[in-house]
Amino acid sequence: MKISKRAQDVPASATIAVTARAKELKAQGVDVVGFGAGEPDFDTPDYIKDAAIEALKAGKTKYTPAAGIIELRTAIAAKLKNENGLTYSPDQIIVNMGGKHSVYEAMQAVLDPGDEVILPAPYWVTYPETIKLAGAAAKIIETDRANSYKITPAQVEDVITEKTAMLVINSPNNPGGFTYTPQELKAIAKVLEGTKVAVLADEIYEKLVYGDTKFVSFASLSADAYNRTLTLNGFSKAFSMTGWRLGYAAGPLEVIKAMGRLQDHMTSNVVTFGQYAAIAALGEPAADSIERMRAEFERRGQYMAERLNSMPGVECPEPTGAFYCFPDVSSHYGRTINGAKIAGSMDFAKALLEQAKVALVPGLPFGCNDNVRLSFACSLEQIRKGLDRLEKWLGR
Ligand code: PMP
Ligand code: GLU
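Along each chain, residue indices are assigned from 1 in the same order as the chain's sequence is written. Throughout, the order in which chains and ligands are written sets their labels, letters from A for the former and numbers from 1 for the latter. Residue-level local features of this predicted model are given only where pLDDT is at least 70; pairs of side-chain atoms are given and counted only at 80 or more, and the full residue set underlies all totals for whole chains, interfaces and linings. Note that the side-chain values use all heavy atoms of the structure and ignore hydrogens as well as water.

Asks: Would you mind going over the overall build of the protein with me for this structure?
Replies: Helix and strand counts for the protein come out as 14 helices and 14 strands. Radius of gyration means the value over C-alpha atoms here, while the globule rule gives 2.2 Å times the residue count to the 0.38 power. Relative to the globule expectation of 21 Å for 396 residues, the C-alpha radius of gyration of the protein, 21 Å, shows essentially globular dimensions. In terms of overall dimensions, the protein has C-alpha extents of about 60 × 55 × 55 Å along its principal axes. Summary of the burial criterion: residues with accessible area below 20% of their type's maximum are buried, those above 50% are exposed, and those between are partly exposed, where the area comes from a 1.4 Å probe applied to protein chains only. Counting across all 396 residues of the protein, residues that qualify as buried make up 54%. Put simply, the protein has 44 plus and 46 minus side-chain charges, and the middle of one group is 5 Å from the middle of the other. Helix and strand definitions here come from DSSP, where helices need a minimum of 4 consecutive H or I residues and strands a minimum of 2 consecutive E residues; each element is numbered from the N-terminal end. Only four residue types enter the tally: Lys and Arg on the positive side, Asp and Glu on the negative side; His and the chain ends are excluded. By convention, the point assigned to a charge is CZ for Arg, NZ for Lys, CD for Glu and CG for Asp.

Put into structure tokens, the structure is as follows:
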């Protein structure tokens, strides 16, 4: 059968591919250390599972409004108000099939062919593809280690044209593991004033910040920022609910309605009993379980960054958010390790997996070939073992 040009132009997700490959090797009995997965290794807390079971038993098994049940959208509105200082009515909120679906649907609702989207590199692999699928073009802003891989307001100003329809801000960042300070975000918001650029603020890692890092929602920076921002979030990271597929978007009513019309025809509602579990997730015990997880990630991230920085030719900023280290390993490019020529991040990741049985994601699909991404969403024991192998492999 013929394959559409649209589908032909979209590569498979590098993050999913690495995770799947590591799992496959493990299933074959190979002792692989997996630093690929961008998913918490903790189980979903029991109070959330129990709510889903109860909902299922109570017959919450039928269609709901496509945007989600009003009780969930009300609970999300309360969360956004209390935790993020954002006032959204429930009809300014739509519940999607995971944060990834929120990103896709938001791009489909806002972008037209010919539009440009400012995309800071490093970026999560899904943004360029969803921009392309909406017929728009990504205007990538390069960043560097000296600036912790963050963009500056001047860089944004430089690339804004008549065609610029959107800026993607993902803080805390995947794959960079950095978080913008409120001052940095304010300076970027200032540059956008007077333009027609919408902001897609992907805040899915908001709960995972380390040290004295403060998270702030982009839409809360000013009235101007509020009006131009679509706030995206979800349950995957904060509540260890990756498999439940629960994300949401909040923003201007007309945009959320447009997303709703698309959703009416694409997926309809998110699984019904899952929506009841999501209400429970946002309830009372949330803070405790999130803090336990956050503190554990912080310990692991510090350890991983310290170990990476102690290896020759590896430079890694300490992560201030999310659960990724994103070291620059480019000083090893040009070497031949155990017969494998390492020309860039793809070769690095491939040879490391084949020879030392450590899975990580090459930086190239994140827009930074100098780097590789290691997730620390796995036990300290695994981290130690994987880093020992990496160190030995580099040392050869
Ligand atoms: N945004 C970012 C930056 C992510 O890294 C991810 C995936 N880990 C998502 C959105 C989507 O997550 P999910 O679809 O599981 O909600
Ligand atoms: N987003 C996570 C990651 O970056 C999960 C995989 C994916 O959906 O891309 O690893």
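Asks: Teacher, can you tell me more about the site of ligand 1 here?
Replies: Surveying the vicinity of ligand 1 reveals 14 residues, the closest of which are Gly99, Asn174, Asp202, Ser236 and Lys237. Polar contacts here mean pairs of N or O atoms no more than 3.5 Å apart (in protein, one a potential hydrogen donor and the other a potential acceptor; neighbouring residues in sequence count only if both atoms are side-chain atoms). The backbone of lysine 100 places a nitrogen or oxygen atom 2.9 Å from an oxygen atom of ligand 1. Within the side chain of asparagine 174, an N or O atom sits 2.6 Å from an oxygen atom of ligand 1. For accessible areas, the Shrake-Rupley method is used with a probe of radius 1.4 Å. Any residue's cover is judged against the shown protein chains and nothing else. Relative to its unbound accessible surface of 390 Å², ligand 1 loses 93% to contact with the protein. Amino acid classes used here: Ala, Val, Leu, Ile, Met, Phe, Trp, Tyr, Cys and Pro are nonpolar; Asp, Glu, Lys and Arg are charged; the rest, including Gly, are polar. Looking at the shell around ligand 1 residue by residue, the classes come out as four nonpolar, six polar and four charged. Nearness of a residue to a molecule or strand requires only that one of the residue's heavy atoms be within 4 Å of it.

Asks: Sorry if this is basic, but what is going on with the side chain of glutamate 203 here?
Replies: Note that glutamate 203 resides in the loop between strand E6 (198-202) and helix H9 (223-228). At 6.7 Å, lysine 79 is the nearest oppositely charged side chain to glutamate 203, a buried residue that forms no salt bridge. When a carboxyl oxygen of Asp or Glu lies within 4 Å of a side-chain nitrogen of Lys or Arg, that pair is called a salt bridge.

Asks: Just checking my understanding: could you explain the packing of helix H12 (residues 286-309) against helix H14 (residues 380-395) for this structure?
Replies: A packed helix pair is summarised by two numbers, namely the angle formed by the two axes and the spacing between the axes. Axis geometry follows a simple rule: fit a line to the C-alpha atoms, using only the stretch in contact for helices, then measure angles between N-to-C directions, giving values from 0 to 180 degrees. Two elements in contact, H12 and H14, have axes whose closest approach is 11 Å; the angle formed by their N-to-C orientations is 10 degrees. By the angle between their axes, H12 is roughly parallel relative to H14. Residue-level inspection shows Arg300, Tyr303, Met304, Arg307 and Leu308 of H12 in contact with H14, the latter providing Leu380, Ile383, Arg384, Leu387, Asp388, Leu390 and Glu391. Of the residues that constitute the contact of H12 with H14, the class distribution is seven nonpolar, no polar and five charged. By definition in this entry, angles of less than 35 degrees are roughly parallel, angles greater than 145 are roughly antiparallel, angles of 65 to 115 are roughly perpendicular, and the rest are oblique. Whether two residues are in contact is decided by their heavy atoms, any of which lying within 4.5 Å being enough.

Asks: How should the pairing of strand E4 (residues 137-141) be read in this particular structure?
Replies: Across a regular strand the side chains alternate sides, sitting on one face of the sheet and then on the other. Alignment of strand E3 (residues 116-120) against E4, held across five bridges, turns out to be parallel. In the sheet register, glutamate 116 faces E4, and the bridge partner there is alanine 137. A crossover gets the label right-handed when its path from the first strand over the helix to the second runs clockwise, viewed with the strands pointing away from the viewer. With helix H6 (residues 126-133) bridging E3 and its parallel neighbour E4, the resulting β-α-β unit is right-handed. What makes two strands pair is DSSP finding at least two bridges between them.

Asks: Would you mind going over the site of ligand 2 with me for this structure?
Replies: Ser13, Thr15, Ile16, Gly38, Lys100, Trp124, Asn174, Lys237, Tyr324 and Arg373 make up every residue found near ligand 2. For ligand 2, an oxygen atom lies 2.7 Å from a polar atom in the side chain of lysine 100. Protein contacts shield 85% of the accessible area of ligand 2, which totals 270 Å² for the unbound molecule. Broken down by class, the residue content of the shell around ligand 2 amounts to three nonpolar, four polar and three charged.

Asks: Teacher, can you tell me more about the environment of valine 32 here?
Replies: Positionally, valine 32 belongs in the loop between helix H2 (14-27) and strand E1 (33-34). For valine 32, a relative accessible area of 2% corresponds to the buried category.

Asks: Quick question: what am I supposed to make of unusual backbone geometry here?
Replies: Leaving glycine aside, a negative phi is the common case for residues, and trans is the common case for peptide bonds. The omega angle of the peptide bond from alanine 121 to proline 122 is 5 degrees, so this bond is cis rather than trans. Relative to the helices and strands, proline 122 is located in the loop between E3 and H6. Cis rather than trans, the peptide bond between serine 171 and proline 172 has omega equal to -10 degrees. Locating proline 172 in the fold gives a position in the loop between strand E5 (164-170) and helix H8 (182-192). With phi around 50 degrees, serine 240 is a residue other than glycine that occupies positive phi space.

Asks: When you look at the packing of helix H5 (residues 99-110) against H6 in this model, what are you seeing that I'm missing?
Replies: Packing of H5 against H6 leaves a shortest axis separation of 9 Å and a crossing angle of 35 degrees. H6 is crossed by H5, and the crossing has right-handed handedness. Contact residues: H5 offers Lys100, Val103, Tyr104, Met107 and Gln108, while H6 offers Thr126, Tyr127, Thr130, Ile131 and Leu133. Crossings are sorted by hand: turned counterclockwise from the far helix by less than a right angle, the near helix makes the crossing left-handed, and turned clockwise it makes it right-handed.

Asks: Would you take a moment to explain the environment of tyrosine 88 for this structure?
Replies: Mapped onto the secondary structure, tyrosine 88 falls in the loop between helix H4 (70-84) and strand E2 (93-96). On the basis of relative accessible area, tyrosine 88 is assigned to the buried category, the value being 4%. Counting along the chain gives 162 residues from tyrosine 88 to alanine 250, while the straight-line C-alpha distance between them is 7.0 Å. Dropping the residues within four chain positions of it, tyrosine 88 is found in contact with Ala77, Leu80, Ile93, Ala219, Tyr226, Thr229, Thr231, Ala250 and Gly251. At 3.1 Å, the side chain of tyrosine 88 forms a polar contact with the side chain of threonine 231.

Asks: What is the right way to read the nonpolar core from this model?
Replies: Counting residues in each nonpolar core, the largest one holds 40 residues, and the members touching the most others are Phe35, Met304, Leu308, Phe348, Leu387, Leu390 and Trp393. Secondary-structure elements contributing two or more residues to this core are H12, strand E9 (324-325), helix H13 (345-356), strand E14 (372-375) and H14. When near neighbours in sequence (up to four residues on either side) are disregarded, leucine 390 contacts Leu308, Met311, Phe348 and Leu352. Joining through side-chain atoms within 4.5 Å is the link that ties buried Ala, Val, Leu, Ile, Met, Phe, Trp, Tyr and Cys residues into a set, and such a set is a nonpolar core.

Asks: What is the right way to read the sheet that holds strand E13 (residues 361-362) from this model?
Replies: By definition, the strands of a sheet pair up through backbone hydrogen bonds, in either a parallel or an antiparallel sense. With antiparallel pairing, the three strands of this open sheet are ordered in space as E9-E14-E13. Each edge of the open sheet carries a strand with a single partner, namely E9 and E13.

These figures come from the coordinates and say nothing about function on their own.
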